[in-house]
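Coordinate analysis (summary)
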Amino acid sequence: VEMKILHLITSLQIGGAERALCHLLKELGHTTPSMQHHVAYFHPGPVLDDIRALGIPTHHITGLLYRYDPYAHWRLSRLIKQIKPDLIHSSLWAANIMARLLGRQHGIPVVSALHGDCRHEGTVRNALDRRTAHLATATIAVAHGVAVAYQQQIIGAIKNPHRRHTVSNHLAIIPNGIDATALVSNAAAHPITRTELGISPEAFVVGAVGRLEPIKSYDVLVAAFARLRPERATTGQAQRRPAVLVIVGGGSQQAALVEQAQALGIDRQVILTGSRIDAYRFYPLFDCFALSSQSEGLSIALLEALSFGLPIVTTNTTATHEVLVDVVNGFIVPNNDPAALANALFKLSAVPALKQTMGVANRLLVSQQFSLQAQVSRYKKLFETLAKTTN
């Protein structure tokens, strides 16, 4: 029995939710050819080419006066009448709101995916989320922390007790997954060398991959990295290795980060690659992977770094991390604390053996708990169950 699914996503820029959708579509294409997919989006971006390469029809939705105006809603409604999907799968805030309204209008089940902490979405967005949350047939969080925040900020604030109970019952967690074997193999087949980037063989390379946006707090990472300079070593510390910071990604903060590196006198040691669709090729260059975000859902970049066995240095609001164990998989430090972040980076630089021991633990972690196959299997079961309600 064939099933049609309309995947509605706010953006196809380079980001975790966008890459997660691409991974899901690719794996479903391999395992479940009976599923037909369409992808509709508001903001185009590099991931669009990856989805088209899978042979999946794509639909750019534009408004008349602004991106999410009634004309955009009408265009999506017309698209639904044309392709007659059995369900709608939405990702990211604007797409989730629109999908819920359209699902109710057309009597189609809707699966809304939550990829980030709603506490960073803002008052207006969260208010609209509360007003429409009950219209989703299922709400899927990519991580436990994402689900907890949604339960507290959105569900807990829904005044209607019946709606509140409905949304709570339909909230589930399906962790992001990754095909670690394919990722590592692709990187080995298309390597980027240190020579290409002008990095010396003995340098300690701190790597980061992500959007250069305020929530990622890369300014904190740059400030921490400035403390790794050899001349900053204090009495009694081991000789510091030369260090290089490579940040793969583009975004609104790029110019500010360039200025910050120049002001700190480390612009020659900081490499900003800009937006790249081949970020996976950089991981083998790194000695460790750093996350300085104010919050994360379940970062695809983190899972990618684990796949390459990289030690992780990450910020977190608590000492307990949802994925990592402190000292086993890397180091967990407080948010907005450049000194603590720098200290963790220095430990990895000073004790190279940690890369080996943490690398073994990290490859094992991603293979056992975050496989793409496990994620897709759960989505497939959910899609098939909900699609039956329309047939």
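1. Here's the deal with the pattern of salt bridges
Opposite charge on two side chains lets them pair, provided their charged atoms get close. Evaluation of the coordinates by the stated rule reveals nine salt bridges. The partner of glutamate 296 in a salt bridge is lysine 216, and the shortest N-O contact between them spans 2.9 Å. In this pair, glutamate 296 sits in the loop between β11 (288-291) and α12 (300-307) while lysine 216 sits in the loop between β8 (204-209) and α10 (218-226), placing the two residues 80 residues apart along the sequence. On the basis of relative accessible area, glutamate 296 is assigned to the partly exposed category, the value being 28%. By relative accessible area, lysine 216 is classed as buried at 12%. Via salt bridges that share partners, Arg194, Asp287 and Lys355 belong to a single interconnected network.

2. Let's talk about the packing of α10 against helix α13 (residues 338-350)
It is the contact of α10 with α13, at a shortest axis distance of 8 Å, that shows an interaxial angle of 60°. Considering their axes alone, α10 and α13 lie oblique with respect to each other. In this structure, the crossing between α10 and α13 has a hand that is right-handed. Seen from α10, the contacting residues are Val220, Leu221, Ala223 and Ala224; seen from α13, they are Pro338, Leu341, Ala342 and Leu345. Taken together, the residues that form the contact of α10 with α13 break down as eight nonpolar, no polar and no charged.

3. Things to note about the side chain of asparagine 176
Here asparagine 176 shows up in the loop between β7 (171-173) and α8 (180-189). A polar contact is formed between the side chain of asparagine 176 and the backbone oxygen of leucine 298, at a distance of 2.9 Å. Not counting residues up to four positions away in its chain, the partners in contact with asparagine 176 are Ala20, His115, Val142, Leu298, Ile300, Leu303, Phe370 and Gln375.

4. Brief notes about the layout of surface pockets
There is about 520 Å³ of room inside the second largest pocket. In terms of lining residues, the second largest pocket is bounded by 29 residues, among which Gly145, Glu296, Asn316, Thr317 and Glu322 are the most central. Those elements giving two or more residues to the lining of the second largest pocket turn out to be α6 (144-153) and β12 (312-316). Here the element with the most residues in the lining of the second largest pocket is α6; it accounts for six residues. When its residues are assigned to classes, the lining of the second largest pocket shows eight nonpolar, 17 polar and four charged.

Quick notes on the rules
- Residues numbered from 1 in each chain as written.
- Predicted model: local features only at pLDDT ≥ 70, side-chain atom pairs only at ≥ 80, totals over all residues.
- Heavy atoms only, no water.
- Salt bridge = Lys/Arg side-chain N within 4 Å of Asp/Glu carboxyl O.
- Helix = DSSP H or I, 4+ residues; strand = E, 2+ residues; numbered from the N terminus.
- Buried < 20%, exposed > 50% of the residue type's maximum accessible area, 1.4 Å probe, protein only.
- Axes fitted to C-alpha atoms, helices over the stretch in contact; angles between N-to-C directions.
- Parallel < 35°, antiparallel > 145°, perpendicular 65-115°, else oblique.
- Left-handed = near helix turned anticlockwise from the far one by under 90°.
- Contact = heavy atoms within 4.5 Å.
- Nonpolar A, V, L, I, M, F, W, Y, C, P; charged D, E, K, R; others polar.
- Polar contact = N/O pair within 3.5 Å; in protein donor to acceptor, adjacent residues only side chain to side chain.
- 1 Å grid on protein atoms, 1.4 Å probe; cavity = no way out; pocket = protein on both sides within 12 Å on 5 of 7 lines; lining within 4 Å.
- Points joined across faces, edges and corners; volume = space filled by probe spheres on them.

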